[in-house]
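Fold and contact review
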Amino acid sequence: MTRLLPDTIFSRLFLLVLAAIVISHLMTFVLLLGVYGDRHRPPGPPPGISAADSPRPPQRPPTPYRRPTIEIAGHSVRTPPPAFWIGLISQLVALSLAAWLGARMLARPIQKLGQAAAELGVDLNRPPITETGTAEARQAARVFNRMQQRIRLNVEERGRFLAAVSHDLRTPLTRMKLRVERMQDDALRDKLKEDMAEMAAMLNATLSYLRDEASNEAWQMMDVTALLESMAEDEADAGHDVSLSGSARPLLTRPLALRRCLSNLLQNALRYGQCAHIVVSDNAQGLQIEVRDHGPGIPEDKMETVFEPFVRLEDSRNRATGGVGLGLAIAREAASQCGGTLSLENAATGGLIARLMLRRA
């Protein structure tokens, strides 16, 4: 049935409006005939009596019909007949309905495309858009699906390449460790060991980042409060200063990605601020989790830079005790996989606030 209609948005909308105009005029014509068609017909004789035998009524001078008048600025103006208003209202109703249907037909493919684009930023493996509708809508959906496929293939290829390089570097790194152990100079040997330990940490972090980025975890209901309580208790058992306030209702999310995000934020706060305070705020729109430390903070112009992989700020973070610069990058990627956002803010009284916002689907 869809193929019987014109295949472009313009032609469909044009025919729809044209049909509405024709129908509205037909409705007006039928209403005019039904309401006023018999008033001007002269009365005939009763059935069974000819016009010659029928009694003639007394002749009276005809009284012309005058439409009601209204006074406007001192002048009498005749009001339109009721048929005019009936026709006008019917036309407005028909044209309004046609405009509503036309706007809906035009907006639906665009809405689907916008929703798919928003979901693509969260889940690269989302199902493709159904290629239905007009020719323009099908073409847009087809192009979007091809773009999604190319992006997914490029990301997978990049991940495989970097994972292979990181994996292959482990072999020469292991040989270097064995050779360094045979060195006689203790000072030089210790420096080389530190360099190789840093290289190994970077390789491990890179592999972990690539695995997390390529993960395709299923969505599940999760008790976020229980997760935060268990994480705070584990850090407290390890001798760290961690506190938790607030609670939240269960949330539909990706459990492993959420745990990975919160773990990185917690470790980041403990590494640079020596303590962490977790504040949970829950409402109908979403869930907000803040992890605050009392460290040196981050310069305002570097708030987004620290989310880039392998970025460490020597001015605001201690390089000797810091990681390899992937903690916040992994945390933001995990937050994105959960359909949330991660932002940083310097507290007014000192320290850094990491704010995780999660929507409730």
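Everything quoted here is computed from the prediction, not taken from an experiment.

When helices and strands are tallied, the protein shows eight helices and nine strands. Looking at the protein residue by residue over its 361 residues, the buried ones come to 30%. The contacts in the protein between residues at least 6 apart in sequence include a share of 65% that link residues at least 24 apart. Of the roughly 23,700 Å² that the protein leaves accessible, carbon and sulfur atoms contribute 60%.

So, about the side chain of Glu-290. For Glu-290, the position within the fold is in strand 7 (residues 286–292). Accessibility expressed as a relative area gives 16% for Glu-290, which makes it buried. Among the polar contacts made by the side chain of Glu-290, one reaches the side chain of Gln-288 at a distance of 3.0 Å. Not counting chain neighbours up to four residues away, the residues in contact with Glu-290 comprise His-277, Ile-278, Val-279, Ile-353, Ala-354 and Arg-355.

Let's shift gears to the packing of aromatic side chains. By the definition in use, this model includes zero aromatic pairs. Positioned above the aromatic ring of Phe-307, the side-chain terminus of Arg-332 is 3.6 Å from the ring centre.

Under the definition given, this model contains nine salt bridges. Arg-142 is paired through a salt bridge with Glu-131; the nearest N and O atoms lie 3.6 Å apart. In this pair, Arg-142 sits in helix 3 (residues 135–168) while Glu-131 sits in the loop between helix 2 (82–122) and helix 3, placing the two residues 11 residues apart along the sequence. With relative accessibility at 31%, the residue Arg-142 sits in the partly exposed group. One connected set of salt bridges, linked through shared partners, spans Arg-249, Asp-282 and Arg-360.

Further remarks concern the nonpolar core. By size, the foremost hydrophobic cluster in this structure holds 38 residues, and its most contacted members are Leu-258, Leu-344 and Leu-356. Of all the secondary-structure elements, those providing two or more residues to this core are helix 6 (224–237), helix 7 (255–273), strand 6 (275–282), strand 7, helix 8 (327–337), strand 8 (340–346) and strand 9 (352–359). Considering every element that reaches this core, the biggest residue donor is helix 7, with eight residues. Once residues within four sequence positions are removed from consideration, Leu-258 is found in contact with Met-222, Val-224, Leu-227, Thr-253, Cys-338, Leu-356 and Leu-358.

Okay, the sheet that holds strand 7 next. Judged by pairing direction, the sheet is mixed, and its five strands sit side by side in the order 4-6-7-9-8 without closing on themselves. A strand with exactly one partner marks an edge of an open sheet, and here the two such strands are strand 4 (241–245) and strand 8. Within this sheet the neighbouring strands show an average axis-to-axis angle of 15 degrees, counted without direction. Where strand 4 and strand 6 come together, five bridges link them in parallel fashion. Directly across from Ser-245, in strand 6, lies its bridge partner Val-279. Strands in contact with helix 6 are strand 4, strand 6 and strand 7; relative to strand 4, the strand with the most contacts, it is inclined by about 160 degrees. The strands touched by helix 7 are strand 4, strand 6, strand 7, strand 8 and strand 9; relative to strand 6, the strand with the most contacts, the crossing angle is about 140 degrees.

This paragraph deals with unusual backbone geometry. Even without a glycine there, the phi angle at Gln-274 is positive, about 65 degrees. Here Gln-274 shows up in the loop between helix 7 and strand 6. By relative accessible area, Gln-274 is classed as exposed at 56%.

About the criteria used
- Residues numbered from 1 in each chain as written.
- Predicted model: local features only at pLDDT ≥ 70, side-chain atom pairs only at ≥ 80, totals over all residues.
- Heavy atoms only, no water.
- Helix = DSSP H or I, 4+ residues; strand = E, 2+ residues; numbered from the N terminus.
- Buried < 20%, exposed > 50% of the residue type's maximum accessible area, 1.4 Å probe, protein only.
- Contact = heavy atoms within 4.5 Å.
- Areas by Shrake-Rupley, 256 points an atom, 1.4 Å probe, with all protein chains shown as cover.
- Polar contact = N/O pair within 3.5 Å; in protein donor to acceptor, adjacent residues only side chain to side chain.
- Phe/Tyr/Trp six-rings, centres within 6.5 Å; stacked < 30°, edge-to-face > 60°.
- Lys NZ or Arg CZ within 6 Å of the ring centre and 35° of its normal.
- Salt bridge = Lys/Arg side-chain N within 4 Å of Asp/Glu carboxyl O.
- Core = buried A, V, L, I, M, F, W, Y, C linked by side-chain atoms within 4.5 Å.
- Pairing = 2+ DSSP bridges.
- Axes fitted to C-alpha atoms, helices over the stretch in contact; angles between N-to-C directions.

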